[in-house]
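Observations on the three-dimensional arrangement
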Amino acid sequence: EDQVTQSPEALRLQEGESSSLNCSYTVSGLRGLFWYRQDPGKGPEFLFTLYSAGEEKEKERLKATLTKKESFLHITAPKPEDSATYLCAVQPGGTSYGKLTFGQGTILTVHP
Amino acid sequence: ETGVTQTPRHLVMGMTNKKSLKCEQHLGHNAMYWYKQSAKKPLELMFVYNFKEQTENNSVPSRFSPECPNSSHLFLHLHTLQPEDSALYLCASSQLTGTPGELFFGEGSRLTVL
């Protein structure tokens, strides 16, 4: 069974304090691993797609990396506006487009 | 209107009521989805529609009935629900030829079943 586990469940940082979020996965034939950001009362917002081990993607203070068993979302010098729930998802090989298996998310709070 | 719009944003219903959730996308996409987000649980796929045709039903109980009259509109008809069905129901759309996994979500319909 495909499974995605995110850790920690919650992370509190001071502004400027860099850290990483973890996403461990087991999937039959990875078609892609995805990161989303979800603000309270909103739907998730797409951040990155990673396809294969060793791949990296960056966007502003965020950098996503992928290995054969996990992905990391590195946050460099975070700001309060980075506070949100970060969701990781995978799409198994041979499945319908958009059929994603999500993790429970990491709630990130950045204090000024 | 831009993006993906869901109505109503909040809905309270009794177990014997019949109601519908509506989703409209203004992005010209050809795939639409219903996802369920319950407290303390991961987002869970319910239905997938490609070019108005249902391609995925993730073992969803028949008290949830989707309808996709065209590529821009998606409905979720609700009847005889249970309190455990209370959740945030999220609609999403995507382009089938776009970046894999890049779904555009609406803000959701918060459903409470009494």
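Up top is the structure these notes are about.
Cut-offs applied
- Residues numbered from 1 in each chain as written.
- Chains lettered and ligands numbered in written order.
- Predicted model: local features only at pLDDT ≥ 70, side-chain atom pairs only at ≥ 80, totals over all residues.
- Heavy atoms only, no water.
- Pairing = 2+ DSSP bridges.
- Helix = DSSP H or I, 4+ residues; strand = E, 2+ residues; numbered from the N terminus.
- Axes fitted to C-alpha atoms, helices over the stretch in contact; angles between N-to-C directions.
- Phe/Tyr/Trp six-rings, centres within 6.5 Å; stacked < 30°, edge-to-face > 60°.
- Buried < 20%, exposed > 50% of the residue type's maximum accessible area, 1.4 Å probe, protein only.
- Contact = heavy atoms within 4.5 Å.
- Buried area = accessible area lost by both parts, 1.4 Å probe.
- Salt bridge = Lys/Arg side-chain N within 4 Å of Asp/Glu carboxyl O.
- Polar contact = N/O pair within 3.5 Å; in protein donor to acceptor, adjacent residues only side chain to side chain.

**Details of the sheet that holds strand 3 (residues 19-26) of chain A**
Residues and elements named next belong to chain A. Strand order in the open sheet formed by five strands is 1-3-8-7-6, with antiparallel pairing between adjacent strands. Edge positions in the sheet fall to strand 1 (3-7) and strand 6 (56-59), since each has one partner strand and no second. Pairwise comparison of adjacent strand axes, ignoring direction, gives a mean angle of 15° for this sheet.

**Some points on the sheet that holds strand 1 (residues 4-7) of chain B**
Residues and elements named next belong to chain B. What the four strands build is an open sheet, ordered 1-3-8-7; its pairing is antiparallel. Edge positions in the open sheet fall to strand 1 and strand 7 (64-70), since each of these has one partner strand only. Put simply, the sheet's adjacent strands are angled 15° from each other on average, direction ignored. Pairing between strand 3 (residues 18-25) and strand 8 (residues 73-79): seven bridges, direction antiparallel. Across the sheet, residue Leu 21 finds its bridge partner in strand 8, namely Leu 76.

**Here we look at the packing of aromatic side chains**
Residue and element names in this part refer to chain A. Tallied over the full model, the rule gives six aromatic pairs over all chains. Centre to centre, the rings of Tyr 36 and Phe 102 are 5.8 Å apart; their planes meet at 55°, and the pair counts as tilted. Pair noted here: Tyr 36 is in strand 4 (residues 30-38) and Phe 102 is in strand 10 (residues 101-102), with a separation of 66 residues, a long-range link. For Tyr 36, a relative accessible area of 0% corresponds to the buried category.

**Quick look at unusual backbone geometry**
Backbone torsion omega between A:Ser7 and A:Pro8 reads -10°, so that peptide bond is classified as cis. The omega angle of the peptide bond from B:Thr7 to B:Pro8 is -10°, so this bond is cis rather than trans. Of note, the phi angle at B:Lys40 is positive, near 65°, even though the residue is not glycine. Here B:Lys40 is to be found in the loop between strand 4 (31-37) and strand 5 (44-50). Under the relative-accessibility criterion, B:Lys40 is labelled exposed at 77%.

**Side note on the interface of chain A and chain B**
Taken together, the 20 residues of chain A in the interface contact 26 residues of chain B. Note on chain A versus chain B: buried area summed over both sides is about 1,900 Å², and carbon and sulfur give 55% of it. Among the residues chain A hides against chain B, the three largest losses belong to A:Tyr97, A:Lys99 and A:Phe102. Together they make up 33% of the total. For the interface between chain A and chain B, the tally reads two salt bridges. As a salt-bridge pair, A:Lys42 and B:Glu107 come within 4.0 Å of each other at their nearest N and O atoms. The tally of links between chain A and chain B comes to nine residue pairs in polar contact (both at pLDDT 80 or more). Of all elements in the fold, only strand 4, strand 5 (45-50) and strand 9 (84-92) of chain A reach the threshold of two or more residues within the side of chain A that touches chain B. Ranked by residue count, the leading element in the side of chain A that touches chain B is strand 4 of chain A, at three residues.

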